[in-house]
Amino acid sequence: MTASPPAVPGGYVFDNDSPHSARHHASLEGALDPLTLGHLREAGVTPGMDCLEIGAGAGSVSYALLRLVTPGGTVTATDIKPGRIAPAPGLTVLAHDVVTDPLPEAAYDLVVARLVLQHLPGRQAVLARLVRALRPGGLLQVDEFDAGHEPCLLAPSPEDARLYERFTTAKTDLMRAAGGDPTWGRRAPAALREAGLTGLRIRPHVLVRAPGTPALGLQLHHLAHLAPRLLDGGFTPAELDRLGALMRDPGFAAATGVLYSVQGRRPARAPLSCPRSEAT
Ligand SMILES: C[S@@+](CC[C@H](N)C(=O)[O-])C[C@H]1O[C@@H](n2cnc3c(N)ncnc32)[C@H](O)[C@@H]1O
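Keep in mind that what you see is a predicted model, and the values were worked out from it rather than measured.

About the criteria used
- Every chain is numbered on its own, with residues counted from 1 as its sequence reads.
- Whole-chain, interface and lining totals are the exception, using all residues; otherwise, since this is a predicted model, local features are given only for residues with pLDDT of at least 70 and side-chain atom pairs are given and counted only at 80 or more.
- Side-chain calculation: all heavy atoms of the structure are included, whereas hydrogens and water are not.
- Salt bridge criterion: a side-chain nitrogen from Lys or Arg within 4 Å of a carboxyl oxygen from Asp or Glu.
- Secondary structure counts use DSSP, requiring at least four H or I residues in a row for a helix and at least two E residues in a row for a strand, with both numbered from the N terminus.
- Type-normalised accessible area, obtained with a 1.4 Å probe on protein chains alone, sets the label of each residue: buried when under 20%, exposed when over 50%, and partly exposed for intermediate values.
- The arc in question is formed by the directions pointing from the helix axis toward the C-beta atoms.
- Residues count as neighbours in contact if any of their non-hydrogen atoms are within 4.5 Å of one another.
- Any N or O atom pair separated by 3.5 Å or less is treated as a polar contact, with the protein-specific requirement of one donor-capable and one acceptor-capable atom, and with residues adjacent in sequence counted only for side-chain atom pairs.
- Among buried residues, the Ala, Val, Leu, Ile, Met, Phe, Trp, Tyr and Cys ones that are joined through side-chain atoms within 4.5 Å form a nonpolar core.
- Two strands are said to pair when DSSP picks up at least two bridges between them.
- Axes here refer to lines fitted to C-alpha atoms; in helices the fit is confined to the stretch in contact. Angles between the N-to-C directions go from 0 to 180 degrees.

J.: How would you sum up the pattern of salt bridges? Please name residues and give values.
T.: Throughout the structure, instances matching the rule amount to 16 salt bridges. Between Asp-15 and Lys-81 there is a salt bridge whose closest N-O contact spans 3.0 Å. Here Lys-81 lies in the loop between β2 (74-79) and β3 (91-95) and Asp-15 lies in the segment before α1 (21-42), a separation of 66 residues in the sequence. A residue is classified by how much of its surface remains accessible, and Lys-81, at 15% relative accessible area, is buried.

J.: How would you summarise helix α7 (residues 237-246) if you had to cite specific residues and measurements?
T.: For α7, the full list of buried residues reads Leu-240, Leu-243, Gly-244 and Leu-246. Projected onto a plane normal to the axis of α7, the buried residues spread over an arc of 165° and lie on a single side. Turned more than 90 degrees away from the buried face of α7 sit Pro-237, Ala-238 and Asp-241, all of them exposed. Of the surrounding secondary structure, the elements contacted by the buried residues of α7 are α4 (158-177) and α6 (214-232).

J.: Can you lay out the side chain of Asp-50 for me, pointing to particular residues and giving the numbers?
T.: Relative to the elements of secondary structure, Asp-50 occurs in strand β1 (residues 50-54). On the basis of relative accessible area, Asp-50 is assigned to the buried category, the value being 17%. Reaching out from Asp-50, the side chain makes a polar contact with the side chain of Arg-135 at a distance of 3.0 Å. Ignoring sequence-local partners within four residues, the contact set of Asp-50 consists of Gly-73, Thr-74, Ala-107, Tyr-108, Asp-109, Leu-110 and Arg-135.

J.: Quick one: what's the story with the nonpolar core, residue by residue and with numbers?
T.: Core analysis: the biggest nonpolar cluster contains 26 residues, and Leu-117, Leu-127, Leu-130, Leu-140 and Val-142 have the highest contact counts within it. If you list the elements that add at least two residues to this core, you get β1, β4 (108-114), α3 (123-133), β5 (134-146), α5 (188-194) and β10 (258-265). Considering every element that reaches this core, the biggest residue donor is α3, with five residues. Among the nonpolar cores identified, the runner-up in size contains 21 residues, and Tyr-164, Leu-220, Leu-246 and Ala-254 belong to it.

J.: Please set out the environment of Arg-193 residue by residue, giving values where relevant.
T.: Looking at where Arg-193 falls in the secondary structure, it is placed in helix α5. Residues Arg-193 and Gly-264 lie 71 residues apart in sequence; the distance between their C-alpha atoms is 7.9 Å.

J.: Help me get a handle on the sheet that holds strand β8 (residues 208-209), residues and values and all.
T.: Read from one edge to the other, the open sheet built from three strands follows the order β6-β9-β8, with strand pairing classed as antiparallel. With partners counted over all chains shown, the strands left at the sheet margins are β6 (152-154) and β8, one partner each. Summarising the sheet, β6 and strand β9 (residues 253-255) pair through two bridges and their orientation is antiparallel. Directly across from Cys-152, in β9, lies its bridge partner Ala-254. Packed on one face of the sheet, α4 meets β6, β8 and β9 and runs near 155° to β6.

The structure is reproduced here in structure tokens:
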């Protein structure tokens, strides 16, 4: 695998170099690591396995994987901007653009991609390369949101609920404008099947965004990170201030979109046919 120079992430509306990204990654870890890691443990991730996580962000999943596969296993954590992944013994960290940089073939027992593919134009081609990076019988886990329905459940007033829903719509519009598909989670199972994976396991999850929860922390991050573009798109500074206050109001609750955690295996190689000896 070769390292690429720092690049501007194509299709990715957020940015690991932003001052908001520490909260972004902490919220992802708090909200989603229990789900992601629970499914990996259930699938039988054990010592000795070689693992790859692409778009690893701040690396929380990779660190946990390292604990699961030690001794004897390896974890490679890649990201187009890997600066937030602190080095750890046994962890290989690489600057790597999964769209354009090569991946070794048949090198891993496990490949994990969480909230990466939906941001990438050409995600089906990337998926095909992730499958080829697996050894026969290896496992791919893809965790992706379908952000097509993120309703406000409780708000102090109907105007607040409308403002929040305008914000979630604007956020998904920005992701689409960058070439992402914010609803791709619902298409992930079919995409994994099209890529040739078998034994699919599909697990949908919805979380509550209430003040103090990591799922709401994620939404506050999105608001802060996208604020300049939301202002360009017609929100007023007063509306953005109200959104920030609303999401901290004890009378506020919303639902996340659906997070689809999907696993599939690269088919094991067909057994080598042993031609029957003719010299009997
Ligand atoms: C929403 S974050 C998810 C981070 C991490 N997977 C998690 O769930 O905690 C998406 C990550 O994908 C990375 N990324 C975006 N485009 C990429 C690309 N073309 N190749 C590799 N990583 C990319 C971003 O830098 C970011 O760290």
